[in-house]
Amino acid sequence: MTIRIASPSTLCRLLVGLLICAMLASCNDGTKTEGAGGNTAVTIDGGGKQEGAGSVDAEGRKANHLAGENSLYLQQHMFNPVDWYPWNDEALDRAVEENKLIFLSVGYSSCHWCHVMEEDVFEDQAVADYLNEHYICIKVDREERPDIDATYQPALAGLAGESGWPLNIFLTPAKKPVTGCTYRTSQEFMALAERVTQVWEENREDLLDQSDQVASFVAMLPETGEAADIDQALLDEIVAAAGPIFDETWGGFMQQQKFPTPVRWQFIMHYFRKTGDEKAKQMLVKTLDEMMRGGLYDHIGGGFHRYTVDESWTVPHFEKLLYDNAQLASLYIEAGELFDDERYRFVAKDTLDFMLREMQDPQGGFYSSFDADSDGIEGSFYCFTPDEMVTIAGEKDGAALNALFGITPEGNFADYHGKIANVTVLSRRAKPEKVMEASGLSSEEVDGLFDKYRQQIRDYRAKRIPPTLDKKVVTSWNGLTLSAFSAAYSAYGDDKYREAAEGIRQYISSTHMKGNPTGALYRASTEHDPVGDAMLDDYANFANGCFDLYQATGDADALAIGVEAVTFANEHFRAEDAVWYMTADYVEQPLGRRIEVYDTVEPCGISQMLKALLKVASLTGEAEYFETVSADLAAYHLQIANFVEDPNSGMRFSNGLEMANWLDAALLSNGPYYELVVAGDPADPATQEMLAIARSGGRNYVLPMQVPAAGPDANTLSRQPVLQGKQQAGDKPTAFVCKKGSCNAPTSDPQEMLKQISSGWVH
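Residues numbered from 1 in each chain as written. Predicted model: local features only at pLDDT ≥ 70, side-chain atom pairs only at ≥ 80, totals over all residues. Heavy atoms only, no water.

## As for the packing of aromatic side chains
Next up, step 1: Under the definition given, this model contains 37 aromatic pairs.
Next up, step 2: Every member of this aromatic cluster is reached through a ring pair, and the members are Trp 84, Phe 103, Phe 122, Tyr 135, Phe 170 and Phe 189.
Next up, step 3: Positioned above the aromatic ring of Tyr 108, the side-chain terminus of Arg 142 is 4.1 Å from the ring centre.
Next up, step 4: When the ring centre of Trp 761 is taken as reference, the NZ or CZ atom of Lys 274 above it lies at 5.0 Å. (Phe/Tyr/Trp six-rings, centres within 6.5 Å; stacked < 30°, edge-to-face > 60°. Lys NZ or Arg CZ within 6 Å of the ring centre and 35° of its normal.)

As structure tokens, this is what we get:
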């Protein structure tokens, strides 16, 4: 299967000599590109949810058509003078009826440049008046409608040579792309909007013809190609190709900006577990160490920021997103168990505890994100000066803290807009002897310094204006969080993590259960009010989370809910030739349904669904899903096995790491992938010992299950035929280790069980 990606060069070549590039000069005008997705939002108080368009706030501002929307991002724009609509039939029908172009702007509440553009452009009355006269203006929260964003990002990349947020794109009344931009100043944006209007009025037929061509190219679907296995030799080749581009100094891969991309390191970790490859281990450990030492990690409050603007993981864009923290918590949980490393365990627990403390809805769901800005100043909540540490801890200990965290008078951060400077993003790279030298403290005092003052520093920081919290609960991201807390309970046995996992499962399965069609889910909710149709990644991540909860606790309801989510997705998202669409078959799309294959900062829906299918096959005995996974992986061989050689450096780059979760699924599919059933009295310590061993070590290639000593009851067997015949032998709990339904000899020896589930994997 060949996936055609609309690259900027390809689309601009497509349009060479055509009026749209010549008249609009939009292939690339050299202005600012926010390709990484930007920083977090300046807090714009929208005044809360309103009754409807035309209502007036206390300052006399008139609400536009975004009034009444749940999304915090849309609420932040409801009092713009631009007459924004949400993406709905009213707006789209009006564009057709009035034969007007659509101006579509896509962003999200934690997007810094989205809100800079709002302040600079969309609050400008002259710009608003022009847009209101000539366009139907639509605002979209990409976290509620990632499908809309995914439809038009390739078009923006092709037409303007840039992508990211804010995504601003002009469309025909038929919703086909004309041109667009990311962030622009008011003057630059007005010039573009006026040029688009001119072309629409003077050369409409040519513009419509060209928009048809762009729409057709962007809407291309995969073509079936020659299938081939994603075998161990290919996985070896992909990992080997990653070595030369690994940053030996700072970890991660050699880039000016550093994203943690946990899905890549999850695969590298599992590859090491499978093969024992020392280079893979070295890359993994170096990256884990540097991420947790640098400013990407919040050493005072816990949790991780989204990415850093430098290669050393020092200065972040300060937003904190749920999906990053959930995946990084899972990564550090497994690394802590794999390497028996208390540092990794601390980071994992600290990240989970941050999420529990600051991102959990009282009813169990988890919120989406924190802004980077506080009172309109980027990073101001998180940075410190040397004097502040002295204020907190006194001269001697304050000097020690400054050395410990790398705080200097000149600092390492100044915000882009010049509102603060000479402040420091905290890191933990200082050697103890340097801290002793700077402060005169003893070795023992230095060792206890962090624990002694961390809470005091947190309390001091808490007096500042905090970043805004977006209380949107996204199904997909809560699925990742459900997996993290389930893994934490398996690893640490702490009931607060089990309760958090159960709370997520209950929240999503109740608040986000749409019911029409039966089994459908909502994408998101705010203040428990759900909106939007769930995407493929929502079903896949939630299903995986439910299966992980079942393995950690034996929660039969979680298993049933996960199976229902997979069954629904298989019916409404899957088509022939290994095609899994991003949206369901009952959801209308502007340029047709899309297929997303790449794993970015989040795993894509298809690769996650393949993992869910493997779990369903193993946990229930529906063996046909094993074949589905093998066939779907093989169908994407051309994309996964694509290597490109850089003519300048001679380095050979693999496309495979852009599909790292597919590689991880291939590791599991290739196996051995174990079903482990422990039959025994749950009150028997020997049963609990076997289960503890089964759940220990973070082994993603083992799926533990538990049944009573007498075996499963009829109701359980109806859901899980794979449990047939699994019952205790004699007076000791008995373990059954199986591979795709084929079982080893049962054993009551915990060490023999461990030996069986370790076979075929080095770690």
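So, next bit.
## Side note on the state of the cysteines
Next up, step 1: With the rule as written, the count across this model stands at two disulfides.
Next up, step 2: Bridging Cys 111 to Cys 114, the disulfide has an S-S length of 2.2 Å. On the sign convention where negative means left-handed, the S-S torsion of about 85° between Cys 111 and Cys 114 marks this disulfide as right-handed.
Next up, step 3: Look at Cys 114 and you get buried, because its relative accessible area is 1%.
Next up, step 4: Sulfur-sulfur distance for the disulfide between Cys 738 and Cys 743 comes to 2.0 Å. Taking the sign of the S-S torsion, about 95° here, the bridge from Cys 738 to Cys 743 comes out right-handed.
Next up, step 5: The buried category is assigned to Cys 738, whose relative accessible area is 2%.
Next up, step 6: When the cysteines of the protein that form disulfides are numbered from the N-terminus onward, they connect as 1-2, 3-4.
Next up, step 7: Cys 111 provides the cysteine sulfur closest to Cys 383, a residue in no disulfide bond, and the two sulfurs are 20 Å apart. (Disulfide = S-S within 2.5 Å. Buried < 20%, exposed > 50% of the residue type's maximum accessible area, 1.4 Å probe, protein only.)

## What about the confidence of the model for the protein?
Next up, step 1: Mean pLDDT over the protein: 90, with 92% of residues reaching 70 or higher.
Next up, step 2: The low-confidence segment residues 1-23, where pLDDT is below 50, has 67 contacts with residues more than four positions distant or belonging to other chains.
Next up, step 3: Residue range residues 25-50 is modelled with pLDDT below 50. Its contacts to residues more than four positions away, or to other chains, number 101 contacts. (pLDDT = per-residue confidence, 0-100. Contact = heavy atoms within 4.5 Å.)

## Quick word on empty space enclosed by the protein
Next up, step 1: For the structure on display, the rule yields four cavities of 30 Å³ or more.
Next up, step 2: Considered as a void within the structure, the largest cavity measures approximately 800 Å³ in volume.
Next up, step 3: Taken together, 41 residues make up the lining of the largest cavity; nearest its centre are Gln 266, Ala 487, Asp 548, Lys 615 and Asn 700.
Next up, step 4: Counting residues per element, the ones that place at least two in the lining of the largest cavity are helix 11 (262-275), helix 13 (322-339), helix 19 (475-492), helix 21 (536-553), helix 23 (605-620), helix 26 (660-670), helix 27 (685-695) and strand 18 (702-707).
Next up, step 5: In this structure, the second largest cavity spans a volume of roughly 70 Å³.
Next up, step 6: Its residues assigned to classes, the lining of the second largest cavity comprises six nonpolar, three polar and two charged. (1 Å grid on protein atoms, 1.4 Å probe; cavity = no way out; pocket = protein on both sides within 12 Å on 5 of 7 lines; lining within 4 Å. Points joined across faces, edges and corners; volume = space filled by probe spheres on them. Helix = DSSP H or I, 4+ residues; strand = E, 2+ residues; numbered from the N terminus. Nonpolar A, V, L, I, M, F, W, Y, C, P; charged D, E, K, R; others polar.)

## Some words on the side chain of Lys 175
Next up, step 1: Structurally, the position occupied by Lys 175 is in the loop between strand 3 (167-171) and strand 4 (177-181).
Next up, step 2: No salt bridge is formed by the buried Lys 175; the nearest opposite charge belongs to Glu 588, separated by 5.1 Å.
Next up, step 3: In this view, Lys 175 contacts Trp 87, Leu 92, Ile 102, Tyr 152, Pro 590 and Leu 591; residues no more than four positions away in its chain are not counted. (Lys, Arg positive; Asp, Glu negative; His and termini not counted. Salt bridge = Lys/Arg side-chain N within 4 Å of Asp/Glu carboxyl O.)

## Here we look at the pattern of salt bridges
Next up, step 1: If you walk through the whole model with that rule in mind, you get 39 salt bridges.
Next up, step 2: Close ionic contact of Glu 319 with Arg 306 constitutes a salt bridge, the shortest N to O distance being 4.0 Å. Here the residue Glu 319 occupies a position in the loop between strand 6 (316-317) and strand 7 (320-321), and Arg 306 occupies one in the loop between helix 12 (278-293) and strand 5 (307-308), the gap between them amounting to 13 residues. We note that Glu 319, like Arg 306, is buried.
Next up, step 3: Measuring nitrogen to oxygen at the nearest pair gives 3.9 Å for the salt bridge that ties Glu 499 to Arg 498.
Next up, step 4: If you follow the salt bridges from partner to partner, you end up with Asp 141, Glu 143, Asp 470 and Lys 472 in one network.

## A word on the pairing of strand 17 (residues 674-679)
Next up, step 1: Buried residues dominate strand 17, accounting for six of its six residues.
Next up, step 2: A two-sided burial pattern is seen for strand 17, the buried positions comprising Tyr 674, Leu 676 and Val 678 on one face and Glu 675, Val 677 and Ala 679 on the other.
Next up, step 3: The sheet contact formed by strand 17 and strand 18 spans six bridges and is parallel. Bridge pairing in strand 18 links Val 677 to Met 705.
Next up, step 4: Traced from strand 17 through helix 27 to strand 18, the parallel crossover comes out right-handed.
Next up, step 5: As paired strands, strand 17 and strand 19 (residues 734-739) are joined by six bridges and run antiparallel to one another. Its bridge partner lying in strand 19, Ala 679 is registered against Thr 734. (Pairing = 2+ DSSP bridges. Right-handed = clockwise from strand over helix to strand, strands pointing away.)

## Considerations on helix 12
Next up, step 1: The end-to-end C-alpha distance of helix 12 is 22 Å, a good match for the 22 Å that 16 residues give at a rise of 1.5 Å each.
Next up, step 2: The complete set of buried residues in helix 12 reads Ala 280, Met 283, Leu 284, Thr 287, Leu 288, Asp 289, Glu 290, Met 291 and Met 292.
Next up, step 3: Looking at the buried residues of helix 12, the elements they touch are helix 10 (232-242), helix 11, helix 13 and helix 14 (342-358).
Next up, step 4: Near the N-terminus of helix 12, the side chain that reaches the backbone nitrogen of Lys 279, with its oxygen 3.2 Å away, is that of Asp 277. (Expected span 1.5 Å × (residues − 1). Polar contact = N/O pair within 3.5 Å; in protein donor to acceptor, adjacent residues only side chain to side chain.)

## So, the layout of surface pockets
Next up, step 1: Of the pockets and cavities examined, the second largest pocket occupies roughly 550 Å³.
Next up, step 2: What lines the second largest pocket is a set of 19 residues, among which Met 292, Arg 343, Leu 404, Arg 428 and Phe 450 lie closest to the centre.
Next up, step 3: For the lining of the second largest pocket, the secondary-structure elements that each account for two or more residues are helix 12, helix 14, helix 16 (432-439), helix 17 (443-447) and helix 18 (449-462).
Next up, step 4: If one sorts the elements of the lining of the second largest pocket by residue count, helix 14 sits on top with four residues.
Next up, step 5: A per-class count over the lining of the second largest pocket returns 10 nonpolar, one polar and eight charged.

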